[in-house]
Amino acid sequence: MNDALKYLVAVALFLPLAVYVWAAMSTPRSKVSTLAGYFTAYHEVGAAPFANSSLAYAFQVATLFPFLYWGVGGQILPAVVNAVCWGIGIFLFRAALNPIMRCLDGSKNPKTLHGLLAETYPTDAVQERVQVNSSWLRRCWKAYASKPVQMTAAGVTILGMLGVALGEAYWGMQIVKVLVPEDTPAYYAVVLGALFFVLAYIWYGGAWGSMKTDMLQLVFSYIGFTVVFLFAIWTILNTNVASRPEFAIVSLLMFAGGVWAVGIRLCKRLQPISAMSKDTEGEKVLRARKVLSTVTLVSMCVLALLFAILFVRSLPAFTLAPLANPGDPKWKGIIALALMATLFQFVDMTAWQRMQAIDGTEIEVKERARRGLLLFSVESPYSWILCLALGTLLVATVPQLATAQDKAGPLAAYPRILLESGGIFSAVVAFAFMVAVMGVMLSTIDSALLGAMYAWVADFFGAEFKKPEASTSAADTKMENAALLSGKKTAFWVLVVIMVLVILLGWLLKRPQDFIVVLVGFYGAMLSLFPAVMFMLFAPKTWSAPSSKAVTLGIIVGTCGAIVFAAWGVFVPNQSDKSWDGVFAGPGFALAATGILWLVGMRRKRS
């Protein structure tokens, strides 16, 4: 590749970062002056920012990479099952809004999911007082014993958020390998710079800045992938290579999903980017939102039309055979993907975090949440299938992807192949692809870091999150400043751990499917919270809650099972299919540990 072209692409790749900084720095300081405002944008946003920040968070490299990988390999069933069940999971979360809102509104002050669990599974008071001169380890143990469910659940969430951010940083930054050699000081400097960039605007803007940048990153991702799609579809229609049976299935899904998503956006008047409620400064900064909204909607309509043409062209090859092939995950993996996608929304603390940001009365909040979740349940699976369609199309236009020896798979191989061709138009498409991946990566890392900070400050530091309108004293302000500083330090150390693990993964992971195995471990660990959340939401008031010790043990065993099975899949040769056991280990062990006590609890009323 020409060095001048390489430098031009490198400079252009980081230009959108200036736009993200612009949006984050526009955050009014009054909006983040309290812990509730900083971490949840408490009751400050409407349906559109809620829906679009959720979309941006769910549109991850953790999704992009596996779906591209499956698309290139012609493995349609795993991706379709995962995407459809993800939409079903969001819809089920929407159906459970009444008990969810009851839990959130029932708390005196804003709380994390873990704090709500602690209210459901209270702990007996610790009888033995901790002496002032007690050892640090003893003081930590007593603090943990006073609220084991809350701190255990928070630890699992922080572990999960670390895993999400790690996956985004490691695999998302693989795209810069085409500009900087991998496993070199320059490469790690770029990765570290990207992480510190996210940390800087999260430190400054909190949840408010995260939502603003998420919406912009979503638009850049859509526009970038639209350019790549137009190039791929134009190539296919001009070379008549649409003969693989997957084309018809994927084209039909993309056409139907595109029409549905666009229709709901227009009917519900939910634009892809919207200034947040009560934010006049943000209104000025995001003045271009109408233009970006129009461009995004038009691109979705154009893609739907092109996929309709591609579907008609590929009808002679139409067969449902690819939907009967479980591919590399095998049938156990298919069930695991369905389970993970359906249940995850309930245990994802960031979903509960965004719920507390919706503005309005109780009725208005529910209505806006329903509208936002409806769009989310349709467009998020659509964006996932979009990644599958992209992989299916790219391997037809660039056959080398099927045999590319790259542990990042098509994520890094595609832009490298385009740039090596030397053409200006190919360089533009490669740049669009890289900008889209960068937007996907950043929008997830910032949410993960903010989630880890929130869990630490609320659950480990023990800060009290007062509602913004509540009166505060000088002591309250001092405590909140100390808690916020502790949260920022936590985010910094999480970033350091991520950087160390990025280097270690560079040595340990050798195959593209290893990435999917690592994700299964982290997401499977978070699923160990599911039984406890379900009891909190749906158990009748006449039932007594299970013992906090049993719930804590179930979460710990489930988490350890998920991590162990995932590690087995990565490090034991020819055992990658065993990693899917980790998804079952999480909720399975937790259910076994708490189920008996729940049955006992059905027989007696709460005191």
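Values in this document were obtained by computation on a predicted structure and should not be read as measured data. Residues take numbers from 1 onward in each chain, read along the sequence in its written order. Given that the model is predicted, a residue must reach a pLDDT of at least 70 before its local features are reported, and side-chain atom pairs must reach 80 or more before they are shown or counted; all residues, however, enter totals for whole chains, interfaces and linings. Hydrogens and water are ignored here; the side-chain numbers use all heavy atoms of the structure.

Participant: Tell me about the overall build of the protein, and please be specific about residues and values.
Facilitator: Helix and strand definitions here come from DSSP, where helices need a minimum of 4 consecutive H or I residues and strands a minimum of 2 consecutive E residues; each element is numbered from the N-terminal end. In terms of helices and strands, the protein carries 24 helices and 0 strands. Classification of the 607 residues of the protein by burial places 61% in the buried group. Here, residues are in contact when the closest pair of their heavy atoms is within 4.5 Å. Taking the contacts inside the protein whose residues are at least 6 apart along the sequence as the reference set, 86% of them involve residues at least 24 apart. Summing over all exposed atoms, the protein offers an accessible surface of approximately 23300 Å²; the carbon and sulfur share of this is 67%. For every residue, the accessible area obtained with a 1.4 Å probe (protein chains only) is divided by the maximum for its type, and the residue is called buried under 20%, exposed over 50%, and partly exposed between those limits. Reported accessibility uses the Shrake-Rupley method at a 1.4 Å probe radius. Residues are deemed covered only where the shown protein chains occlude them.

Participant: Go over the side chain of Thr342, please, and point to the residues and values.
Facilitator: Tracing the chain through its elements places Thr342 in helix H15 (residues 330–347). Residues adjacent in sequence count toward polar contacts only when both atoms are side-chain atoms; beyond that, a polar contact is any pair of N or O atoms within 3.5 Å, and within protein one must be able to donate a hydrogen and the other to accept it. Among the polar contacts listed, one links the side chain of Thr342 to the backbone oxygen of Ala338, at a separation of 2.7 Å.

Participant: So, helix H18 (residues 410–420): which residues are in play, and what are the values?
Facilitator: Across the 11 residues of H18, 9 count as buried, placing the element largely inside the fold. Turning to H18, its buried residues number three or more, namely Pro410, Leu411, Ala412, Ala413, Tyr414, Pro415, Ile417, Leu418 and Leu419.

Participant: Tell me about the environment of Leu113, and name the residues and values.
Facilitator: In this structure, Leu113 sits in helix H8 (residues 113–120). When its relative accessible area of 1% is taken as the criterion, Leu113 is described as buried. For the pair formed by Leu113 and Asp459, sequence separation is 346 residues and the distance between their alpha carbons is 9.7 Å. Among all residues touching Leu113, those that are not within four sequence positions of it are Phe346, Val347, Met349, Trp352, Val533 and Met536.

Participant: Kindly report on the nonpolar core, identifying the contributing residues and their values.
Facilitator: What makes a nonpolar core is a set of buried Ala, Val, Leu, Ile, Met, Phe, Trp, Tyr and Cys residues whose side-chain atoms join them at distances within 4.5 Å. Membership of the largest hydrophobic core comes to 189 residues, with the highest contact counts inside it found for Phe225 and Trp352. Trp352 has contacts with Phe93, Ile100, Leu104, Leu113, Leu116, Gln345, Phe346, Val533, Met536 and Leu537, leaving out every residue within four places of it along the chain.

Participant: Kindly report on the confidence of the model for the protein, identifying the contributing residues and their values.
Facilitator: Values of pLDDT, ranging from 0 to 100, describe the predictor's confidence in every residue of the model. Looking at the protein as a whole, the pLDDT averages 76, with 77% of positions reaching at least 70. Averaged pLDDT values over the elements of the protein bottom out at 47 in helix H13 (residues 280–285) and peak at 90 in helix H6 (residues 76–95). Ignoring residues within four places in sequence, the model shows residues 603–607, a span with pLDDT below 50, making 12 contacts including any to other chains.

Participant: Break down the environment of Val496 for me, citing the residues and quoting the values.
Facilitator: Note that Val496 resides in helix H20 (residues 474–508). Looking at Val496, the relative accessible area reads 28%, which means it is partly exposed. It is 8.9 Å that separates the C-alpha atoms of Val496 and Leu192, two residues lying 304 residues apart in sequence.

Participant: I'd love a proper account of the packing of aromatic side chains, names of residues and values included.
Facilitator: Classification of ring pairs uses Phe, Tyr and Trp, with its six-membered ring standing for Trp, and accepts pairs whose centres are within 6.5 Å; under 30 degrees between planes counts as stacked, over 60 as edge-to-face, and the remaining range as tilted. Going through the model one piece at a time under the given rule, you end up with 20 aromatic pairs. A network of ring pairs unites the aromatic residues Phe67, Trp70, Trp86, Phe344, Phe376, Trp384 and Tyr523 as a single cluster.

Participant: Hey, could you go over a nonpolar patch on the surface for me, with residue numbers and the actual values?
Facilitator: Every patch collects residues that have over 30% relative accessible area and no salt bridge, joining them within 9 Å if they carry like charges and within 5 Å if they are nonpolar side chains (Val, Leu, Ile, Met, Phe, Trp, Tyr). One speaks of a salt bridge when a side-chain nitrogen belonging to Lys or Arg is within 4 Å of a carboxyl oxygen belonging to Asp or Glu. There is a patch of nonpolar side chains on the surface, built from Leu252, Phe255, Val259, Val312, Leu315, Phe318, Leu320 and Leu323 and spanning about 660 Å² of accessible area. Per-element accounting of the nonpolar patch gives the leading share, 3 residues, to helix H12 (residues 245–268). Examined against the element boundaries, Val312 turns out to sit in helix H14 (residues 289–313).

Participant: Account for the packing of H15 against helix H22 (residues 530–538), naming residues and giving values.
Facilitator: Note on geometry: axes are C-alpha line fits, over the in-contact stretch for helices, and angles between N-to-C directions span 0 to 180 degrees. Between H15 and H22, the least distance of the axes is 9 Å, while the angle of their chain directions is 60°. Judged by the angle between their axes, H15 and H22 are oblique. Along this stretch, H15 crosses H22, giving a crossing that reads as left-handed. For the pair H15 and H22, the contacting residues are Leu343, Phe346 and Val347 in the first and Phe530, Val533, Met534 and Leu537 in the second. Roughly parallel means an angle under 35 degrees; roughly antiparallel, over 145; roughly perpendicular, 65 to 115; everything else is oblique. Whether a crossing is left-handed or right-handed is set by the direction in which the near helix is turned from the far one by less than a right angle, anticlockwise for left-handed and clockwise for right-handed.

Participant: Describe helix H19 (residues 424–460), and please don't skip the residues or the numbers.
Facilitator: With 37 residues, H19 extends 53 Å between its outermost C-alpha atoms, agreeing within 8% with the 54 Å of an ideal straight helix rising 1.5 Å per residue. Burial of H19 is extensive: 31 of the 37 residues sit out of reach of the surface. Multiplying 1.5 Å by the helix residue count minus one yields the expected span of that helix.

Participant: Residues and numbers for the environment of Leu68, please.
Facilitator: Following the sequence through the fold, Leu68 ends up in helix H5 (residues 61–73). Judged by relative accessible area, Leu68 falls into the buried class, the value being 1%. For the pair Leu68 and Trp384, spaced 316 residues apart in sequence, the C-alpha to C-alpha distance is 9.6 Å. Filtering out sequence-adjacent residues up to four positions away, Leu68 remains in contact with Cys387, Leu390, Gly391, Leu394, Pro410, Leu411 and Phe433.

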